[in-house]
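Okay, here's what each chain looks like letter by letter:
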Amino acid sequence: MSELFGFGVGHSTQSRAGKTLEVYFPAPVKHPSGAAQRVIREHVSVGVSSLSPASAAKLAGNLIDAGAADAARGCSLLAEIDKPLTALVLENDEAIRSTAEAYFKLQLLSHRLSLPNTLNLEGIFAQLPNVAWTSEGAIGVDEIEAALISARRTGRQLTVHCLDKFPRMTDYVIPTGVRIADASRIRLGAYLGEGTTVMHEGFVNFNAGAIGPNMVEGRISQGVIVGEHTDLGGSSSTMGTLSGGGNIKVSIGRYCLIGANAGTGISLGDRCTIEAGLYITSGTVVDVIDEDGNRVRTAKARELSGLSDMLFIRNSRTSKVECRTNRAAIKLNEQLHAHN
Ligand SMILES: CC(C)(COP(=O)(O)OP(=O)(O)OC[C@H]1O[C@@H](n2cnc3c(N)ncnc32)[C@H](O)[C@@H]1OP(=O)(O)O)[C@@H](O)C(=O)NCCC(=O)NCCS
């Protein structure tokens with residue numbers, strides 16, 4: 001029998017019309033152990049199914065008896081909730097066919113069980129309903145007006161935080177060792193590595209993230225991954241691929257600095273800097289300058305994509321975009337390595 005890709009026990013919210021709006025998997029499991037797989041296959045069918053609290057408690061007991069306490073955690077945590085739960089068993093990482101699968105994969109990413117761009121997220125938008133995220137949880141957008149009126153009738157204040165397909169990450173996953181100044185800026189499905197700080201201007205989309213440690217005061221678009229010790233300056237931007245951003249998947253290496261209000265549509269290797277306010281797109285024409293300040297060649301920025309030790313500035317005397325050797329970062333890096 002083939003190895004299972006994923007297993008989770010979750011608690012879902014249904015709309016009045018019975019549509020699944022969201023599913024919380026407190027402890028999703030990727031590639032369950034052999035012992036866990038045997039118990040899961042025996043008690044739960046492949047795909048999405050309903051699990052009574054009693055069955056969840058029994059499943060947790062069987063998993064623990066089989067020595068698979070990790071896989072039992074989700075069942076144990078939710079077994080106290082006196083409502084039917086959602087069980088999900090995935091044999092393979094295939095295109096997403098249900099809301100539960102979409103939420104499961106987003107939680108794998110935020111739990112750091114999968115890196116951005118490593119999961120099959122095809123079909124995710126079709127399977128995520130647009131939801132009113134309120135002070136009383138998820139409500140279907142077509143049911144929110146009735147809910148607002150009903151709240152007033154009973155003297156309650158119902159606040160709508162946003163209307164979106166993706167909820168805030170922190171309502172589902174609290175990664176260790178991170179600081180998040182404004183939780184509404186991090187969507188579920190973001191990957192925030194240990195030691196990452198996201199300030200108020202920072203934003204991290206789903207299937208995107210920072211390996212950590214990082215200082216994020218700019219936007220990390222869908223599909224973008226930022227390496228260790230890289231700083232994104234205030235309101236800086238990394239170009240995504242979703243809306244007219246082209247098809248280059250941007251990745252940023254280690255020890256880079258994207259200056260305030262700067263941005264990039266090309267990948268950067270390690271120790272690169274982009275001057276504050278300068279946006280490099282893949283077609284930006286760049287003069288490559290040598291150590292003596294002479295122009296070596298003129299290139300489209302895409303030809304430099306992924307290279308290390310680059311310093312991009314817009315020369316304020318000539319208005320030309322230049323790529324110099326990032327001496328400052330190299331020096332800093334030499335110092336850091338000297339203390340390894
Ligand atoms: C591009 C940048 C890194 C250059 O900084 P630097 O390496 O310290 O360089 P300096 O400002 O000391 O300038 C060195 C020389 O280059 C010149 N220079 C710098 N930027 C220039 C530009 N855009 N055009 C022409 N000359 C420039 C300086 O005038 C100086 O000339 P000099 O040697 O004749 O005096 C810096 O300007 C920058 O944008 N940093 C980003 C900081 C940031 O946004 N952080 C995030 C905060 S939220």
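Residues numbered from 1 in each chain as written. Predicted model: local features only at pLDDT ≥ 70, side-chain atom pairs only at ≥ 80, totals over all residues. Heavy atoms only, no water.

Points about the site of the ligand
Here is the rule we go by: In these notes, residues near a molecule or strand are those with any non-hydrogen atom within 4 Å of it. Identification of polar contacts relies on pairs of N or O atoms within 3.5 Å, with a donor-acceptor requirement for protein atoms, meaning one able to donate a hydrogen and the other able to accept it, and with residues adjacent in sequence counted only if both atoms are side-chain atoms. Only the protein chains shown count as cover for residues, with accessible areas throughout obtained via the Shrake-Rupley method and a probe of 1.4 Å. Polarity classes work like this: nonpolar for Ala, Val, Leu, Ile, Met, Phe, Trp, Tyr, Cys and Pro, charged for Asp, Glu, Lys and Arg, and polar for all others, with Gly in that last group.
Every residue near the ligand is listed here: Gly233, Gly234, Leu257, Gly259, Ala260, Thr273, Glu275, Ala276, Ile313, Arg314, Asn315 and Ser316. Here an oxygen atom of the ligand sits 2.7 Å away from a polar atom, N or O, in the main chain of Ala260. Measuring from a nitrogen atom of the ligand, one finds a side-chain N or O atom of Glu275 at 2.7 Å. When the ligand is considered free in solution it has 960 Å² of accessible area, and contact with the protein chains removes 44% of it. Taken together, the residues of the shell around the ligand break down into four nonpolar, six polar and two charged.

Side note on the sheet that holds strand β10 (residues 190-192)
The condition that has to hold: Only when DSSP finds a minimum of two bridges between them are two strands counted as paired. Secondary structure elements follow DSSP: runs of H or I of four or more residues count as helices, runs of E of two or more count as strands, with numbering from the N terminus.
Taken in spatial order, the four strands line up as β10-β13-β16-β19 in an open sheet, and their pairing is parallel. The sheet terminates laterally at β10 and β19 (251-252), the two strands that pair on one side only. Inspection of the sheet shows strand β16 (residues 225-226) paired to β19 by two bridges, in the parallel sense. From the neighbouring strand, Ile225 faces β19, where its bridge partner is Ser251.

Side note on helix α6 (residues 144-153)
Basically, it comes down to this: Only protein chains enter the accessibility calculation, which uses a 1.4 Å probe; a residue whose area is less than 20% of its type maximum is buried, one above 50% is exposed, and one in between is partly exposed. To be clear, the arc concerns the directions from the helix axis to the C-beta atoms. Contact definition: two residues touch when any of their heavy atoms are within 4.5 Å.
Within the sequence span of α6, burial applies to Ile144, Ala147 and Ala151. Along the axis of α6, the buried residues cluster in a sector spanning 55°; they form a single face. Away from its buried face by more than 90 degrees, α6 exposes Glu145, Ala146, Arg152 and Arg153. In this fold, the buried residues of α6 make contact with β6 (131-134), β7 (137-140) and β8 (160-164).

Concerning the packing of aromatic side chains
We apply this condition: Whether two aromatic rings pair depends on their centres lying within 6.5 Å, for rings of Phe, Tyr and Trp, where Trp uses its six-membered ring; planes under 30 degrees apart make the pair stacked, over 60 edge-to-face, and the rest tilted.
Counted under the stated rule, the structure contains six aromatic pairs. Here Tyr103 and Tyr172 contribute two aromatic rings whose centre-to-centre distance is 6.0 Å and whose plane-to-plane angle is 40°, an arrangement assigned as tilted. On the criterion of sequence distance, the pair formed by Tyr103 in helix α4 (residues 99-110) and Tyr172 in the loop between β8 and β9 (179-180) is long-range, its members being 69 residues apart. Note on accessibility: Tyr103 and Tyr172 belong to one class, buried. Where Phe166 meets Phe206, the ring centres are 4.4 Å apart and the plane angle is 15°; that geometry is what we call stacked. Placement of the pair is Phe166 in the loop between β8 and β9 and Phe206 in the loop between β12 (203-204) and β13 (208-210), with a sequence separation of 40 residues. Accessibility assignment for this pair places Phe166 and Phe206 in one class, buried. Members of the aromatic cluster, connected to one another through ring pairs, are Tyr24, Tyr103 and Tyr172.

Brief notes about the environment of Ser267
Note on placement: Ser267 falls in the loop between β21 (263-264) and β22 (273-274). Once the C-alpha coordinates of Ser267 and Gly223 are considered, the two residues, 44 residues apart in sequence, prove to be 12 Å apart. Apart from the residues within four sequence positions on either side, Ser267 is in contact with Lys249, Val250, Ser251, Ser305 and Gly306.

Quick notes on the environment of Ala210
Mapped onto the elements, Ala210 comes out in strand β13. Between the alpha carbons of Ala210 and Tyr255 there is a distance of 12 Å; along the sequence they are 45 residues apart. Non-local contacts of Ala210, meaning those with residues more than four positions away in its chain, are made with Tyr191, Leu192, Gly193, Thr196, Val216, Ile220 and Val226.

Some words on a nonpolar patch on the surface
Rules: In this scheme, patches are assembled from residues that exceed 30% relative accessible area and form no salt bridge. Like charges are connected within 9 Å, while nonpolar side chains (Val, Leu, Ile, Met, Phe, Trp, Tyr) are connected within 5 Å. By definition here, a salt bridge exists when the distance from a side-chain nitrogen of Lys or Arg to a carboxyl oxygen of Asp or Glu is within 4 Å.
A surface patch of nonpolar side chains, amounting to about 380 Å² of accessible area, comprises Val141, Leu148, Ile149, Val160 and Leu163. Where the nonpolar patch is concerned, the elements lending two or more residues are α6 and β8. Tracing the chain through its elements places Val141 in the loop between β7 and α6.

Details of the nonpolar core
Selection rule: In this description, a nonpolar core means a group of buried Ala, Val, Leu, Ile, Met, Phe, Trp, Tyr and Cys residues linked to one another through side-chain atoms lying within 4.5 Å. What marks off one domain from the next here is an automatic or database domain assignment.
In this structure, Tyr103, Ile124, Val204, Ile220, Leu268, Ile280 and Phe312 are the most contacted members of the largest nonpolar core, which totals 59 residues. Looking at this core element by element, the count peaks at seven residues for α4. Looking at this core, you find at least three residues from each of domain 1 (6-127) and domain 3 (169-337). Sequence-distant contacts of Phe312, defined by excluding residues within four places in its chain, comprise Ile266, Leu268, Thr273, Ile274, Glu275, Leu278, Ile280, Val286, Leu304, Glu322 and Cys323. By size, the runner-up hydrophobic cluster in this structure holds 21 residues, among which are Ala60, Cys75, Leu78 and Leu85.

Considerations on the domain arrangement of the chain
Which entries qualify depends on this criterion: Here the buried area means the combined drop in accessible surface, using a 1.4 Å probe, for two parts upon being joined, counting both sides.
Here the domain parsing of the chain yields domain 1 (6-127), domain 2 (132-164) and domain 3 (169-337). The interface of domain 1 with domain 3 comprises 16 residues on the first partner and 22 residues on the second. Summing both partners gives a buried area of about 1600 Å² for domain 1 against domain 3, and 63% of it is carried by carbon and sulfur. It is Ser110, Arg112 and Asn117 in domain 1 that bury the most area against domain 3; as a group they hold 41% of the surface buried on that side. Where domain 1 packs against domain 3, one counts one salt bridge. Between Glu194 and Arg112 there is a salt bridge, with its nearest N and O atoms 3.3 Å apart. Contributing elements (two or more residues each) for the side of domain 1 that touches domain 3: β2 (20-24) and α4.

Things to note about the side chain of Asn207
Locating Asn207 in the fold gives a position in the loop between β12 and β13. Apart from the residues within four sequence positions on either side, Asn207 is in contact with Leu109, Pro116, Asn117, Leu121, Gly189, Ala190, Gln222, Gly223, Val224 and Lys249.

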